[in-house]
Amino acid sequence: MFERLKKLKPYKTETTPCKIKLSSNENPFDLPLWLREKISKAIREVPLQRYPDPHSTELKEVIADFYGVRPENLVLGNGSDELIHLLITVADDYNRPVIYPVPTFPMYQVSADIVGREKIEFPLDENFQLKKERIDRALEKNPVLAFYASPNNPTGNSFDRELILYTADKGVFTVVDEAYIHFSDKEDFVNEALKRDNLLVIRTMSKIGLAGIRLGVLIAREDIASELDKARLPFNITYPTQVIGKIALTEGREAIEKSIKIIKLERDKLIEKLKKIKSIKVYPSDANFFLIRVPDGNLLHKKLIERGILIRNMSHLPNMENCLRVSIGKPEENSAFYRNLLKILEELGWE
Ligand SMILES: Cc1ncc(COP(=O)(O)O)c(C=O)c1O
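For every chain, the first residue of the written sequence is number 1, and numbering continues from 1 onward in sequence order. For this predicted model, a pLDDT threshold of at least 70 governs which residues receive local features, and a threshold of 80 or more governs which side-chain atom pairs are given and counted, while totals over whole chains, interfaces and linings are taken from all residues.

A. Spotlight on helix 7 (residues 161-169). Three exposure classes are used. Buried residues have 20 or more other C-beta atoms within 10 Å of their own C-beta, exposed residues have 12 or fewer, and partly exposed residues fall in between, all C-beta atoms being placed from the backbone. Numbering goes from the N terminus for both helices and strands, where a helix is a DSSP run of H or I of at least four residues and a strand is a run of E of at least two. Inspection of helix 7 places Ile164, Thr167 and Ala168 among the buried residues, and these make up the whole buried set. Across the axial projection of helix 7, the buried residues extend over an arc of 100°, all falling on one side. Contacts are defined on C-beta atoms placed from the backbone: any two residues whose C-beta positions lie within 7 Å are in contact. Elements in contact with the buried residues of helix 7: helix 6 (132-139), strand 5 (145-149), strand 6 (173-177) and strand 7 (199-204). Where helix 7 terminates, the next one or two residues include Gly171, which has phi positive at roughly 95°. By arc we mean the arc of the directions from the helix axis to the C-beta atoms, nothing more.

B. Looking closely at the domain arrangement of the protein. Domain start and end points were adopted from an automatic or database domain assignment. Here the domain parsing of the protein yields domain 1 (3-29 + 254-348) and domain 2 (45-253). With centres defined by C-alpha atoms, the gap from domain 1 to domain 2 works out at 24 Å. With 30 residues of domain 1 in contact, the opposing surface of domain 2 contributes 26 residues. Those elements that place two or more of their residues in the side of domain 1 that touches domain 2 are helix 11 (253-275) and strand 10 (289-293). Ranked by residue count, the leading element in the side of domain 1 that touches domain 2 is helix 11, at eight residues. Only Asp, Glu, Lys and Arg are considered charged, only Ala, Val, Leu, Ile, Met, Phe, Trp, Tyr, Cys and Pro nonpolar, and every remaining residue, Gly among them, polar. Here the side of domain 1 that touches domain 2 is composed, by residue class, of 17 nonpolar, six polar and seven charged.

C. Up close: the packing of helix 3 (residues 57-67) against helix 10 (residues 239-250). Axes, fitted as lines to C-alpha atoms, cover a helix only where it is in contact. Angles between the N-to-C directions of the axes lie from 0 to 180 degrees. Look at helix 3 against helix 10: their axes get within 9 Å of each other, and the N-to-C directions meet at 30°. With respect to their mutual orientation, helix 3 and helix 10 come out roughly parallel. In the packing of helix 3 onto helix 10, the handedness of the crossing is left-handed. Note on element contacts: helix 10 touches helix 3 through Gln242, Gly245, Lys246, Leu249 and Thr250, opposite Glu58, Leu59, Val62, Ile63 and Phe66. Of the residues that constitute the contact of helix 3 with helix 10, the class distribution is five nonpolar, three polar and two charged. Angle categories are assigned with fixed cut-offs, so that under 35 degrees is roughly parallel, over 145 is roughly antiparallel, 65 to 115 is roughly perpendicular, and the rest are oblique. We call a crossing left-handed when the near helix sits turned anticlockwise from the far one by less than a right angle, and right-handed when that turn is clockwise.

D. Structural context of the site of the ligand. Working rule for contacts: place C-beta from the backbone, and if it is within 6 Å of a molecule or strand, that residue counts as near it. The local shell around the ligand holds 13 residues, among which Gly79, Asp81, Asn153, Thr204 and Ser206 are the closest. Residue composition of the shell around the ligand, by class: four nonpolar, seven polar and two charged.

Take a look at the structure:
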């Protein structure tokens, strides 16, 4: 078999079945029933024997309106994972590396490994922030592409805006992955993307309630978007995705916006409560999850599973010893997490 494949490790995700799932940074709220019924009816009418619109024309109009840009600024992907893969595939010169700070979202590494591109991973500081000297060192390797997930996964914080722009100013094509921007009050990079020829933004519908339809969005200057669109696989956005996306992002917009508000409030409330516990360090978050550091991450992760609550164990990653990532769930799920956490802390004698 191919040598490159032998070296690859399969992408792992947390699949332990649990009653309460706070492990994948999804939106816990379903769309309202009336809207789901409307979607079901529309899906019944989809001609499944036909190919979908290869340009997703109507869906793009809806998304352009949702994000306040023009349809010509968009490239759509089967999830933003596909857009990351597309960028890593099409960037010039396979001898030039991609750079990104770590810890971060693993797809940059996974995609680079699949296509056999070199990676330069540079560490974030102790507050999970970018450091100029570390970026400079990575830039010395003549990278072709830089990825910044901001807000970052799994740390939850946003990166220093000036340092992201600095990377682009140095001539490196810079991708700002704004998967969690809907939960942040910080300024986004869309205006920069619309101005510059070497900076673009990627977004996803996965974190705001539509993970199941796989819909990622790249926002760039019109000339950049149309070049990138040439490398997109022709029918990557399925018929059902186009139909559901259109309905959900128009008639469901209010429900989505309301759910985002609730998630932010729940996040801030839960973080405030956890900050009062001495044995837990809580990191600030602009996302729909947050990170904690505890005396024994593997143990707490296991104890929560025994109680039917799944969060994501990050302890295996460099600089993430004993760190766990908690996605925000419905209010009753967050309360159950907090209640059970207190019981476990008492049982373990952690103050
Ligand atoms: C930073 C970041 N980017 C992209 C993605 C991928 O999202 P999608 O579901 O659109 O492929 C994730 C998912 O967890 C993420 O955390």
